[in-house]
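Analysis of the macromolecular model
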Amino acid sequence: MIAARLRGADREHVRLVALLTSGHAVIHWYQQLYPLIIPTLKSALALDDVQVGFLSSARQVTGGSVGLPLGMLTDRHPRRRAVVLAGSILAMGVGYLVMGIWPALAFATVASLLIGLGTGGWHPTSNAVLAGRFERLRGTVLSIHGTGA
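Our subject in this report is the structure included herewith.

What counts, and where the lines are drawn
- Residues numbered from 1 in each chain as written.
- Predicted model: local features only at pLDDT ≥ 70, side-chain atom pairs only at ≥ 80, totals over all residues.
- Heavy atoms only, no water.
- Helix = DSSP H or I, 4+ residues; strand = E, 2+ residues; numbered from the N terminus.
- Expected span 1.5 Å × (residues − 1).
- Buried < 20%, exposed > 50% of the residue type's maximum accessible area, 1.4 Å probe, protein only.
- Arc of directions from axis to C-beta.
- Contact = heavy atoms within 4.5 Å.
- Phe/Tyr/Trp six-rings, centres within 6.5 Å; stacked < 30°, edge-to-face > 60°.
- Lys NZ or Arg CZ within 6 Å of the ring centre and 35° of its normal.

Compared with an ideal rise of 1.5 Å per residue, which puts 21 residues at 30 Å, helix α4 (residues 81-101) spans 30 Å between its outermost C-alpha atoms and is within 8% of the ideal. For α4, the complete set of buried residues consists of R81, V84, L85, S88, A91, M92, G95, Y96, V98 and M99. In an axial view of α4, the angular spread of the buried residues amounts to 165°, which keeps them on one side of the axis. Counted as exposed and oriented over 90 degrees from the buried face of α4: A82, V83, L90 and G100. On the buried face of α4, the contacting elements are α2 (11-44), α3 (49-76) and α5 (105-133).

This is how it looks when you write it as structure tokens:
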């Protein structure tokens, strides 16, 4: 069914959908790691519940805050979209690396901010890329992309 909808698209466009959907899966995979590491982080850093809540809030507030400005930036500068997408994946990866290497609340806070930045940067940018390239199949490709989550 999905293949039939994309049959008219050339190979490059199908690859783009696959790449962005895979990236979306990675972004959400990284997001879902966060709740799994909280107990270990809490124990290793001797954090109380308020400090754990602060780390989670830092991630969520950052992700929510950067979405609109980065969406506007990538609308205004479409050639920078690949940089924003790569930076989003990189920010999340570096965030988890920092959290794992330097066990201290300050570094965990910076790591949480980077993880939020990655989430907030991916979604508006990838949706803009797909919506712009697939005007006729916009709903289909955005739905495919959504399955990556």
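The structure having been displayed, the exposition proceeds.
Two numbers describe a pair of aromatic rings. These are the distance of the centres and the angle of the planes. As enumerated under the stated definition, the model contains three aromatic pairs in all. The interplanar angle of 45° and the centroid separation of 5.7 Å between the aromatic rings of W29 and Y30 together place this pair among those described as tilted. On the accessibility criterion, W29 (53% relative accessible area) is exposed. The class for Y30 is buried, based on a relative accessible area of 17%. Ring geometry for Y30 against Y96: centres 5.7 Å apart, planes inclined by 20°, an arrangement best described as stacked. Remark: Y96 occurs in helix α4 and Y30 occurs in helix α2; sequence separation between them is 66 residues. According to the relative accessible area criterion, Y96 is buried, its value standing at 13%. Pairwise contacts between aromatic rings join W29, Y30 and Y96 into one cluster. Lying over the aromatic face of Y34, R59 brings its terminal NZ or CZ to 4.2 Å of the ring centre.

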